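Structural characterization, general
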Amino acid sequence: MEKSDIDQLRQADVDHQIHPQYHVRDHENAVVYQRGEGALLWDIEGKEYIDGLSSLWNVAVGHGRKELAEVAQKQMEELAFSNSYAGYANVPSIQLAERLIELVYPSMQAVFFCNSGSEAVEGALKIARFYWHLQGKPEKTTIIARKDAYHGGTYGATTVTGIPSFHNGFGPLLGGVVHAETCYPYRCGHCSRAEDCTSACADDIEAVIGREGADTVAAVIAEPVHGAGGVIPPTPSYWPRLREICDKNDVLLIADEVITGFGRTGKWFALEHWGVQPDIMAVAKAISSAYVPLAGFIVSGRIHGAMLDAPRTEKFMHGYTNAGHPTACAVGLRNLQIIEEEGLVERAAAMGKRLLQGLEQSLEHPNVGDVRGLGLMAAVELTSDKASRAPFDAADAVGPRVLKAMRERGVITRVKGDSILLAPPLVTTPEQIDRIIEVVGESIQAVLPG
Ligand SMILES: Cc1ncc(COP(=O)(O)O)c(C=O)c1O
C-alpha cells in the first residue's frame, strides 16, 4: 500500500470509528493489521509482530487457519443463519452444545449460545437470579464480584467488573452488586506470603455474604485466573475454599472462563487445576479462536433441571437474534477439533512452562517485582522498589512505555498498570516464546536502564 493511502486510511479511522476503551490520543499512529499466520501478524506497512496476547486472549489456534475459513464457507452456503428461538434449532449448534458438555466440568448440563464474553456474563447473571426465582426465593438477587475482575462491557458485566476505571462516567450501574477482596498473592494483605496460606482472602467473600445475608445472595462471580486485571493466578487453596463458602451459604458459583477456557491454562478449563466445579460458567474467545464471534454460558444439571421442571408460565425470557448461529457454531466445532487433534491443551502447558521459566530466569532487573503465570498466560509486574513492592507513579507511565518498546521490537501485547501481560497463541513455537522473553527483558531495560 502507498504511504498516501495508508495516511488516508488512518485519518478515516480517526474521523469515523470509535474504538473500544478509546481516547483519540491513545489511538494516534494505530497499528493497522493486514495479515496473520500462526502466532505472527503483519501490519499494512509490512512490519511483523509476534501476537503476544493471541490478539485479545482469543486466537488460540493461531491466525490464517484455512480449515476454519472452509468450514464457514461450507456452512454459509448450506445454511448461513437460522432462528434458534424456542421451537427451532440447527445441526451445528446442537452438535457444539453436545461437544461442549462432553468437554466441560461433569456438573455442567446445558449451554446458551451468544456472541461475546460480555453477553455470556450477562446471561450468567440473569440465569443465577432466574434460578432462585424458580426456587421460590426471589429475594436471592445480590451478586458478589471481586476487585481487579474484568467481566466485559455490557451494563451487568461492567457492574461486576472490579476495576474502577471501567465504571467512570457510566453510573448508575446495575443494582445489587457488591465487590469483595480478591486473591492477589503478590499484593496480599492476608496470608499468601506464608507457608501455611489458607486463602484467608476468600473469607472476605464469606464476610460479604454474611453482611448482606445469605438469603439475599444469588451468586459469586469470579475468573479462575484474573486476566485483564493482571494475570493473577490464585493460591492453590483459594478455589476449593470459594466452593466451600458458596455451598455452605447456598450461593451459586459462576466461573468466568472467557479467557481461561479451551486450553489456555494447560487444562481444558481452569478449575480442573483445583478439582472445583462451578454452577454456571461463561465461555467465549477461544471457543471459536475468534474466527467468528461466539460465546455462551453453561449451567449445571441442577439449574437446567429447575428450568425443565418450571411451569409453562416461567419462560427464560432472554435471547439474542444470533443465539446458536449455525455458521459460528460450525466454526466453533471445527476449532475445538483442531485444539484436540493438535494437542494444543498439552502444548499450552509445555509452552507456558517454557515462557514462565524463561521469564523467571532471565529477568534479574531490580524493578521486576513478580513473575507469575499458569499455562500459557503470564505476567511480569514491575515495581519502583522491590522491598516495599511499591508501584510506580502512574504519571511515569512505565507500563505503557514498556509496551511501546516491545511493539517497536516486534511483540504486541497489553499491560495492566505496570504489569506486562502475555498469552500468545497455543501454537506459538519455542523460538517465538524465546523471542518474547528476550523482548520483555530488552524493553524493560530500555525503559528502566537502572
Ligand atoms: C474474563 C472476561 N470476561 C468477559 C469478557 C468480555 O468478553 P467480550 O469482550 O467478548 O465481550 C472478557 C474480555 O476480555 C474477559 O476477559
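First things first, this report covers the structure right here in the doc. Just so it is clear, the model here is predicted, and its values are computed rather than measured.

1. Overview of the site of the ligand
Neighbouring the ligand are Ser116, Gly117, Ser118, Tyr150, His151, Gly152, Glu223, Asp256, Val258, Ile259 and Lys285. Lys285 is positioned such that a nitrogen or oxygen atom in its side chain is 2.9 Å from an oxygen atom of the ligand. Protein chains bury 83% of the 390 Å² of accessible surface belonging to the ligand in isolation. Residues belonging to the shell around the ligand are distributed by class as follows: three nonpolar, five polar and three charged.

2. Considering the packing of aromatic side chains
Counted according to the given criterion, the structure contains 11 aromatic pairs. Arranged with centres 6.3 Å apart and planes meeting at 80°, the rings of Tyr33 and Tyr49 form a pair that is edge-to-face. Within this pair, whereas Tyr33 is found in strand E1 (residues 33-37), its partner Tyr49 is found in strand E3 (residues 48-51), the two being separated by 16 residues in sequence. The exposure class assigned to Tyr49 is buried, which follows from its relative accessible area of 4%. When the ring of Tyr105 is compared with that of Phe269, the centres are 6.1 Å apart and the planes differ by 55°; the resulting orientation is tilted. Taken as a pair, Tyr105 in the loop between helix H4 (91-103) and strand E4 (108-114) and Phe269 in the loop between strand E8 (252-256) and strand E9 (280-283) lie far apart in primary sequence, 164 residues in all.

3. Points about the sheet that holds strand E5 (residues 142-146)
The strand order E4-E10-E9-E8-E7-E5-E6 describes an open sheet built from seven strands, whose pairing is mixed. The open sheet has two edge strands with one neighbour each: E4 and strand E6 (177-180). Between one strand axis and the next, the sheet turns by 20° as a mean value, whatever way the strands run. Contacts from helix H8 (residues 238-249) reach E5, strand E7 (217-222) and E8 within the one sheet, and its direction differs from that of E8 by about 145°. Sheet strands touched by helix H9 (residues 301-309): E4, E8, E9 and strand E10 (295-300). Its angle to E10, the strand with the most contacts, is close to 85°.

4. Re the sheet that holds strand E13 (residues 411-412)
The strand order across the open sheet built from four strands is E1-E2-E3-E13, with neighbouring strands paired in mixed fashion. Both outer strands of the open sheet, E1 and E13, are each paired with one neighbouring strand and no more. Judged from the four bridges that link them, E1 and strand E2 (residues 40-43) form a sheet pairing that is antiparallel. Paired with Tyr33 across the strands is Asp43, a residue of E2.

5. Here's the deal with the packing of helix H11 (residues 344-362) against helix H13 (residues 430-447)
Where H11 contacts H13, the axes come no closer than 10 Å and their chain directions differ by 30°. Classed by the angle they form, the pair H11 and H13 counts as roughly parallel. The crossing of H11 and H13 is right-handed. On the side of H11, the interface is formed by Arg347, Met351, Arg354, Leu355, Gly358, Leu359 and Ser362, while H13 contributes Pro430, Ile433, Asp434, Ile436, Ile437 and Val440. Counted by class, the contact of H11 with H13 contains eight nonpolar, two polar and three charged residues.

Criteria and cut-off values
Residues numbered from 1 in each chain as written. Predicted model: local features only at pLDDT ≥ 70, side-chain atom pairs only at ≥ 80, totals over all residues. Heavy atoms only, no water. Near = heavy atom within 4 Å. Polar contact = N/O pair within 3.5 Å; in protein donor to acceptor, adjacent residues only side chain to side chain. Areas by Shrake-Rupley, 256 points an atom, 1.4 Å probe, with all protein chains shown as cover. Nonpolar A, V, L, I, M, F, W, Y, C, P; charged D, E, K, R; others polar. Phe/Tyr/Trp six-rings, centres within 6.5 Å; stacked < 30°, edge-to-face > 60°. Helix = DSSP H or I, 4+ residues; strand = E, 2+ residues; numbered from the N terminus. Buried < 20%, exposed > 50% of the residue type's maximum accessible area, 1.4 Å probe, protein only. Pairing = 2+ DSSP bridges. Axes fitted to C-alpha atoms, helices over the stretch in contact; angles between N-to-C directions. Contact = heavy atoms within 4.5 Å. Parallel < 35°, antiparallel > 145°, perpendicular 65-115°, else oblique. Left-handed = near helix turned anticlockwise from the far one by under 90°.

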